Amino acid sequence: MILERNETPEELAFALTFPQIREAHEIYKKHCFFQDFIEHCEERRQERTGRCNLPYQTLEQETDILCTAYELYEKHEDSNVSYNVMLESVIDAIEEQIANGKLLPHTEPTPRVVLVIEDGIVTASYTNTPSIQAEVIKLDKEYDSSEEREAAYAALDHDPELCKCECHISWPGYEDETESGEME
């Protein structure tokens, strides 16, 4: 196949047989279900609906859980129930299987890096996975222009090896003061 240099992936055309189209459709349907399942599980976690015992941080990599959920969905797909109600019942069933020990999430810990910043300087770093390389980019509004700061974020956003991740920030002493209402 010869492609013109200005063709985008959306503009490409392929000649497929009907079985190939059916297989591609099934793959895409499964992919869409996985995405819906993950999003719906996260919504339920935030709303504290159900058991909330799923491995949320690694759910995208939990192929056993995702495939079992899809199998449950396929079993009841043709019943006269809306998609969202079906998704709810599938999640309930998965949570039940995890609670009963019939379905086990991967036991590998989520890689973590903890950086200690003291007076604006990283003074220590810790990890539960020694192969992780911690990198720190220090940006300062007094010394770096807004263009330099934006360029740093843009470079990180476009780095194919990186993705944004959840970040928990603790400020010892600050939480205690806000709970008592002294700082706002």
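One can find the structure itself at the top, above this paragraph.
Please read these numbers as outputs of a predicted model, since none were measured by experiment.

## As for the packing of aromatic side chains
Consideration 1: Here the structure, examined in full by the defined rule, presents seven aromatic pairs.
Consideration 2: Measuring from ring centre to ring centre gives 5.9 Å for Phe-33 and Phe-37, while their planes differ by 25 degrees; the resulting arrangement is stacked. Within this pair, Phe-33 and its partner Phe-37 are both found in helix H1 (residues 18-47), separated by four residues, close to a single helical turn. As far as burial versus exposure is concerned, Phe-33 and Phe-37 are alike and both buried.
Consideration 3: Plain terms: the ring middles of Tyr-70 and Tyr-73 are 6.0 Å apart, the flat faces sit at 40 degrees to each other, and that makes the pair tilted. With Tyr-70 and Tyr-73 both in helix H2 (residues 63-76) and three residues apart, the pair spans about one turn of that helix. Like Tyr-70, the residue Tyr-73 is buried in the burial classification.
Consideration 4: Clustering of aromatic rings is evident, with ring pairs tying together Phe-33, Phe-34, Phe-37, Tyr-70, Tyr-73 and Tyr-83.

## A word on the packing of H1 against H2
Consideration 1: Here H1 crosses H2 at 110 degrees, and the two axes come no closer than 10 Å. One finds that H1 runs roughly perpendicular with respect to H2. Taking contact as the criterion, the partners of Glu-26, Lys-29, Lys-30, Phe-33, Phe-34, Phe-37 and Ile-38 in H1 are, on H2, Ile-65, Leu-66, Cys-67, Ala-69, Tyr-70, Tyr-73 and Glu-74.
Consideration 2: Its residues placed into classes, the contact of H1 with H2 shows 10 nonpolar, no polar and four charged.

## Some details on the nonpolar core
Consideration 1: In terms of nonpolar packing, the biggest core is built from 21 residues, with Phe-33, Phe-37, Cys-41, Leu-54, Ile-65, Val-90 and Ile-94 touching the most fellow members.
Consideration 2: At the level of secondary structure, the elements contributing two or more residues to this core comprise H1, H2 and helix H3 (83-99).

## With respect to the pattern of salt bridges
Consideration 1: In total, this model carries seven salt bridges according to the counting rule given.
Consideration 2: Residues participating in the shared-partner salt-bridge network are Arg-44, Glu-88, Asp-92 and Glu-95.

## Let's talk about the pairing of strand S1 (residues 113-118)
If a strand is regular, its side chains alternate between the two faces of the sheet.
Consideration 1: As paired elements, S1 and strand S2 (residues 121-127) share six bridges and run antiparallel to each other. Looking at S2, one finds that Ile-117 is bridged to Val-122.
Consideration 2: In textbook terms, the turn of a hairpin is the stretch between consecutive antiparallel strands, and for S1 and S2 this stretch comprises two residues, one of which, Asp-119, has a positive phi near 55 degrees.

## A few points about unusual backbone geometry
The phi angle of most residues is negative, glycine excepted, and most peptide bonds adopt the trans form.
Consideration 1: A positive phi angle, near 60 degrees, is found at Arg-48, a position not held by glycine.
Consideration 2: If you trace the backbone, Arg-48 turns up in the loop between H1 and H2.
Consideration 3: For Cys-52, which is not a glycine, the phi torsion comes out positive at approximately 55 degrees.
Consideration 4: Counting through the fold element by element, Cys-52 comes out in the loop between H1 and H2.

## Some thoughts on the packing of H2 against H3
Consideration 1: Between H2 and H3, the least distance of the axes is 10 Å, while the angle of their chain directions is 130 degrees. One finds that H2 runs oblique with respect to H3. Viewed along their axes, H2 and H3 form a crossing whose handedness is right-handed. From H2, Ile-65, Thr-68, Ala-69, Leu-72, Tyr-73 and His-76 reach across to H3, where they touch Tyr-83, Met-86, Val-90, Ala-93, Ile-94, Gln-97 and Ile-98.
Consideration 2: Tallied by class, the residues present in the contact of H2 with H3 amount to 10 nonpolar, three polar and no charged.

## A few points about H1
Consideration 1: Under the 1.5 Å per step criterion, the end-to-end length of H1 is 43 Å for 30 residues, consistent within 8% with the ideal 44 Å.
Consideration 2: For H1, every residue scored as buried is listed here: Phe-33, Phe-34, Phe-37, Ile-38, His-40, Cys-41 and Arg-44.
Consideration 3: Looking at the packing, one finds that the buried side of H1 touches H2 and H3.
Consideration 4: Directly after H1, the chain includes Arg-48, whose backbone phi takes a positive value near 60 degrees.

Rules used throughout
- Residues numbered from 1 in each chain as written.
- Predicted model: local features only at pLDDT ≥ 70, side-chain atom pairs only at ≥ 80, totals over all residues.
- Heavy atoms only, no water.
- Phe/Tyr/Trp six-rings, centres within 6.5 Å; stacked < 30°, edge-to-face > 60°.
- Helix = DSSP H or I, 4+ residues; strand = E, 2+ residues; numbered from the N terminus.
- Buried < 20%, exposed > 50% of the residue type's maximum accessible area, 1.4 Å probe, protein only.
- Axes fitted to C-alpha atoms, helices over the stretch in contact; angles between N-to-C directions.
- Parallel < 35°, antiparallel > 145°, perpendicular 65-115°, else oblique.
- Contact = heavy atoms within 4.5 Å.
- Nonpolar A, V, L, I, M, F, W, Y, C, P; charged D, E, K, R; others polar.
- Core = buried A, V, L, I, M, F, W, Y, C linked by side-chain atoms within 4.5 Å.
- Salt bridge = Lys/Arg side-chain N within 4 Å of Asp/Glu carboxyl O.
- Pairing = 2+ DSSP bridges.
- Left-handed = near helix turned anticlockwise from the far one by under 90°.
- Expected span 1.5 Å × (residues − 1).

Keep in mind that these numbers describe shape and distance, not what the molecule does.
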